[in-house]
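# What the coordinates show
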Amino acid sequence: EVKLQQSGDELVRPGASVKMSCKASGYTFTDYAMHWVKQSPGQGLEWIGTIIPLIDTTSYNQKFKGKATLTADKSSNTAYMELSRLTSEDSAVYYCARSYYGYNWLDYWGQGVMVTVSS
Amino acid sequence: DIQMTQSPASLSASLGETVTIECRASEDIYSNLAWYQQKPGNSPQLLIYDANSLADGVPSRFSGSGSGTQYSLKINSLQSEDVASYFCQQYNNYPTFGSGTKLEIK
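Below, the structure is looked at part by part. (Residues numbered from 1 in each chain as written. Chains lettered and ligands numbered in written order. Predicted model: local features only at pLDDT ≥ 70, side-chain atom pairs only at ≥ 80, totals over all residues. Heavy atoms only, no water.)

### Some thoughts on unusual backbone geometry
B:Pro8 follows B:Ser7 through a cis peptide bond whose omega is -5°. Residue position: B:Pro8 is located in the loop between strand E1 (4-7) and strand E2 (10-13). Despite not being glycine, A:Arg85 has its phi angle at roughly 45°, a positive value. Along the chain, the position of A:Arg85 falls in the loop between strand E8 (78-83) and strand E9 (92-100). Note on A:Arg85: relative accessible area 54%, which makes it exposed. Of note in this structure, B:Tyr30 is not a glycine but carries a positive phi near 50°. By the secondary structure assignment, B:Tyr30 is in the loop between strand E3 (19-25) and strand E4 (33-38). (Helix = DSSP H or I, 4+ residues; strand = E, 2+ residues; numbered from the N terminus. Buried < 20%, exposed > 50% of the residue type's maximum accessible area, 1.4 Å probe, protein only.)

What follows is the structure in structure tokens.
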């Protein structure tokens, strides 16, 4: 069974950073790309970027360049996203989701991480 | 950016009815379109990809159609478990999503 298990919800201070994880199981981690998607009430769903773990290649939505950093650890089948210099605009639910290479529909999603930025 | 305009924003229908949700792209996306269902408190789930291909395990009452810039999702014989929000997503360029349609039972 394919599963993407994300880390827990976060409460962070403005200006701080947060790093969240997405542990994949039930499939070969390096056969798929991993995407990250932001969901907020005001902006709906926004694609942040994707990483191809096999070759450690990343691609970002221009809007999130400098805000998000995507990495992956092939040894533990885990993808990570770090968000930096957090503001209230970054408060949202963040999902990881996988796609097969070159086919950017998202067939499995993690349960989401709620990030709340507040002092 | 390719903009996805989704309509209606909300929809109320009776059990057994057929409903249609539409998405219009700001340019031709060559059927590179997916539809997702998101139930309250849950993650989105893939329903349709490549505009009209049913994802594994999705009931056949869901169907997708369209081409060019105009696409639609049809739900036949509406069931209570179909209460959810529905989103379209294009992947002809870097992915962008429609704003969603909230479906309720009348």
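### Thoughts on the nonpolar core
General note: in soluble globular proteins, nonpolar side chains tend to be found buried as a group. By size, the foremost hydrophobic cluster in this structure holds 39 residues, and its most contacted members are A:Trp109, B:Met4, B:Trp35, B:Tyr36, B:Leu47, B:Tyr86 and B:Phe97. For this core, the secondary-structure elements that each account for two or more residues are strand E5 (44-52) and E9 of chain A together with E3, E4, strand E5 (45-49), strand E8 (70-75) and strand E9 (84-90) of chain B. With residues near it in sequence (within four places) discarded, B:Phe97 still touches A:Val37, A:Leu45, A:Glu46, A:Trp47, A:Leu106, A:Trp109, B:Met4, B:Tyr36, B:Cys88 and B:Gln89. A:Ile51, A:Leu83, A:Tyr94 and A:Val113 belong to the second-largest nonpolar core, a separate cluster that totals 28 residues. (Core = buried A, V, L, I, M, F, W, Y, C linked by side-chain atoms within 4.5 Å. Contact = heavy atoms within 4.5 Å.)

### Observations regarding the packing of aromatic side chains
The geometry of an aromatic ring pair comes down to the distance between the two centres and the angle between the two planes. Evaluation of the coordinates by the stated rule reveals 12 aromatic pairs over all chains. With a centroid separation of 5.6 Å and 80° between ring planes, the pair formed by A:Tyr95 and A:Trp109 is classed as edge-to-face. Pair noted here: A:Tyr95 is in strand E9 and A:Trp109 is in strand E10 (residues 108-109), with a separation of 14 residues, a long-range link. Pairing B:Tyr36 with B:Phe97 gives two aromatic rings, centres 6.3 Å apart and planes at 50°, and the pair type is tilted. Residue B:Tyr36 is found in strand E4, and its partner B:Phe97 is found in strand E10 (residues 96-97); the two are separated by 61 residues along the sequence. Here B:Tyr36 falls in the buried class, since its relative accessible area comes to 1%. Three or more aromatic residues joined by ring pairs form one cluster here, namely A:Tyr27, A:Tyr32, A:Tyr100, A:Tyr101, A:Tyr103, A:Trp105, B:Tyr49 and B:Tyr91. Against the face of A:Tyr80 rests A:Lys19, its NZ or CZ located 5.0 Å from the ring centre. The lysine or arginine in question, A:Arg98, covers the ring of A:Tyr32, its NZ or CZ lying 3.7 Å from the ring centre. (Phe/Tyr/Trp six-rings, centres within 6.5 Å; stacked < 30°, edge-to-face > 60°. Lys NZ or Arg CZ within 6 Å of the ring centre and 35° of its normal.)

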